[in-house]
Amino acid sequence: MRQTNLTDDFSVSAIGLGCSSMSHGYGPADRDDEESVRVIHRAIDYGIDIFDTADVYGPYTNEQLLGRALGSHRDDVTIATKCGLVVGPDGRFRRNGRPEYLRTACEGSLRRLRTDSIGLYQLHRVDPAVPLVETWGALGELVTEGKVRALGISHATCEELELVHSVFPITAVQYELSVWSTGTLDDVLPWSQKNGVGFLAFAPLGRGYLSGHVDHTALGADDSRNRDPRFSPDAMSVNQAIVEGLRAIGARHGVTSAQVAIAWTMAQGGNVVPIPGTRRRQWLGDNAASVDLLLTPEDLRDIHNLPSAVGEMSWDQLRSAGSPTHRS
């Protein structure tokens, strides 16, 4: 698989694997750790070499799963994990950017991932209660000490990105980017391109919806999508027009709507690396093949003209500082 430069001296495969759904967010009904291990092994066979997780996924169980699965391949891939979000006993996310906490969090991730160094250590959310330069400075110390190779950040404002980039260089930012989530195209993506920083695009399949395989009647009771207005029956019915549009474009190329969606995300910039998640090998192959799909100007125009998505995405609440938010 071809490589994409996040920075001049840090490259990864053109598509990555988001591991969170293997053990977090969608409920335990379809969780299958052994199949997830097989998915990770198959991804390595396809040439995928960046695997994204976080300590809060589970919490902790997703890192444990990835650490166990990588085995002897650990030194051949980039492990991208995150810190700075914690889950309290009430099930709510809270931010913690205190330097002493981040150091403890890093040690825990190293242990669970069974590695001596994390490839890309990302600040999951900015903690408004802690000066950002202190948070970022502490993370930079982890790079200096060799416990982390490079730093990333998720859901910061462009002003915050400017600030931390001046303290210690950002290697990659991570934000949602998909056909139905385009908010970063006007600010964060241009910032990353101007500054020579990679862009990891999570949820390029709209949490599975853009694949056309998500049925609201089949979502388990513990599936976080049940709590999201965009996954309500009415919204999903209306948003089906987006999926049908992607399918029509896919028919021109003999590919799936999911492959079109991933290829669109990749087409937004040479520094963009989609990290779709999957728990099944049957979908992993389709996702990996998206790297070879080149959308035409007509395809891109037709996607631009698709209807806007209906339904607010409640997980956007986590992007802004403020009161604790329910797990999503």
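For the structure itself, look to the data block above.
Only a predicted model underlies this, so the values are computations on that prediction, with no experimental measurement involved. (Residues numbered from 1 in each chain as written. Predicted model: local features only at pLDDT ≥ 70, side-chain atom pairs only at ≥ 80, totals over all residues. Heavy atoms only, no water.)

Quick question: what am I supposed to make of the overall build of the protein here?
A tally of helices and strands in the protein yields 10 helices and 13 strands. Over its C-alpha atoms, taken along the principal directions, the protein stretches across nearly 50 × 45 × 40 Å. When the 328 residues of the protein are sorted by exposure, 55% land in the buried category. Accessible area of the protein: about 13500 Å², with a carbon and sulfur share of 48%. Across the protein, the centroid of the 31 positively charged side chains sits 4 Å from that of the 41 negatively charged ones. (Helix = DSSP H or I, 4+ residues; strand = E, 2+ residues; numbered from the N terminus. Buried < 20%, exposed > 50% of the residue type's maximum accessible area, 1.4 Å probe, protein only. Areas by Shrake-Rupley, 256 points an atom, 1.4 Å probe, with all protein chains shown as cover. Lys, Arg positive; Asp, Glu negative; His and termini not counted. Charge placed at Lys NZ, Arg CZ, Asp CG, Glu CD.)

Is there a simple way to think about the nonpolar core in this case?
As a rule of thumb, nonpolar side chains are buried together in soluble globular proteins. Counting 79 residues, the largest nonpolar core has L17, F51, Y121, I153 and V173 as its most contacted members. Those residues within four positions of F51 in sequence are excluded, and the remaining contacts are L17, C19, I40, A43, I44, L66, L70, V77, T78, I79 and A80. (Core = buried A, V, L, I, M, F, W, Y, C linked by side-chain atoms within 4.5 Å. Contact = heavy atoms within 4.5 Å.)

Looking at this structure, I do not really get the pairing of strand β11 (residues 198-202). What am I missing?
Within a regular strand, side chains alternate between the sheet's two faces. Across the 5 residues of β11, 5 count as buried, placing the element largely inside the fold. Burial along β11 is two-sided: the residues G198, L200 and F202 and F199 and A201 are all buried. Relative to β11, strand β10 (residues 172-176) runs parallel, the two sharing 5 bridges. Considered in β11, the bridge of V173 is made with F199. With respect to chirality, the unit in which β10 leads through helix α6 (residues 188-194) into the neighbouring parallel β11 is right-handed. (Pairing = 2+ DSSP bridges. Right-handed = clockwise from strand over helix to strand, strands pointing away.)

Even after reading the chapter, I still don't get the sheet that holds strand β9 (residues 148-154), so can you show me in this structure?
Hydrogen bonds along the backbone pair up the strands of a sheet, which may run parallel or antiparallel. With respect to topology, 8 strands assemble into an open sheet ordered β3-β4-β5-β8-β9-β10-β11-β12, the strand pairing being parallel. Looking at which strands have only one partner, the edges of the open sheet turn out to be β3 (17-18) and β12 (272-275). As paired elements, β11 and β12 share 4 bridges and run parallel to each other. Note on β12: the bridge partner recorded for F202 is I275. Docked against the sheet, helix α4 (residues 132-144) engages β5 (78-83), β8 (118-123) and β9, running at close to 155° with respect to β9. (Axes fitted to C-alpha atoms, helices over the stretch in contact; angles between N-to-C directions.)

So what exactly am I meant to see when it comes to a negative patch on the surface here?
Judged by side-chain charge, E159, E162, D186 and D187 come together as a negatively charged surface patch. Along the chain, E162 falls in helix α5 (residues 158-167). With a relative accessible area of 40%, E162 lands in the partly exposed category. (Patch = residues over 30% accessible without salt bridge, like charges linked within 9 Å, V, L, I, M, F, W, Y side chains within 5 Å. Salt bridge = Lys/Arg side-chain N within 4 Å of Asp/Glu carboxyl O.)

Is there a simple way to explain unusual backbone geometry in this structure?
Along the chain, G58 connects to P59 via a cis peptide bond; the corresponding omega equals 0°. As for its position among the elements, P59 is in the loop between β4 (50-52) and α2 (61-70). Although it is not a glycine, Y60 adopts a positive phi angle of roughly 75°. Counting through the fold element by element, Y60 comes out in the loop between β4 and α2. According to the relative accessible area criterion, Y60 is partly exposed, its value standing at 41%. Notably, A203 is not glycine yet its phi reads approximately 55°, a positive angle. Tracing the backbone shows A203 in the loop between β11 and α7 (233-253). When its relative accessible area of 14% is taken as the criterion, A203 is described as buried.

I keep staring at the packing of helix α1 (residues 33-46) against α2 and nothing clicks. Help me out?
A packed helix pair is summarised by two numbers, namely the angle formed by the two axes and the spacing between the axes. It is at 9 Å that the axes of α1 and α2 come closest, and there the two elements cross at 55°. Classified by the interaxial angle, the pair formed by α1 and α2 is oblique. Between α1 and α2 lies a crossing of right-handed hand. Residues D33, E34, S36, V37, I40, H41 and I44 of α1 lie in contact with α2, whose contacting residues are L65, L66, R68, A69 and L70. Class assignment of the residues belonging to the contact of α1 with α2 gives a composition of 7 nonpolar, 2 polar and 3 charged. (Parallel < 35°, antiparallel > 145°, perpendicular 65-115°, else oblique. Left-handed = near helix turned anticlockwise from the far one by under 90°. Nonpolar A, V, L, I, M, F, W, Y, C, P; charged D, E, K, R; others polar.)

What should I look at first to understand a nonpolar patch on the surface in this one?
Together, V133, L163 and V167 give the surface a local cluster of nonpolar side chains, amounting to about 210 Å² of exposed area. With respect to the secondary-structure elements, L163 resides in helix α5. We classify L163 as partly exposed; its relative accessible area is 36%.

Honestly, helix α8 (residues 257-266) in this entry has me stumped. Any pointers?
In an α-helix, one turn spans 3.6 residues; hence positions three or four apart end up facing the same way. When you tally the buried positions in α8, you get 10 out of 10 residues, the bulk of the element. When α8 is considered as a whole, its buried residues turn out to be S257, A258, Q259, V260, A261, I262, A263, W264, T265 and M266. Against β11, α7, β12, α9 (281-289) and α10 (297-304) lie the buried residues of α8.

How should I be thinking about the pairing of strand β2 (residues 10-13) in this particular structure?
Summarising the sheet, strand β1 (residues 3-7) and β2 pair through 4 bridges and their orientation is antiparallel. In the strand pairing of β2, T4 is matched with V12. Remark: 2 residues form the turn of the hairpin made by β1 and β2, two consecutive strands paired antiparallel.

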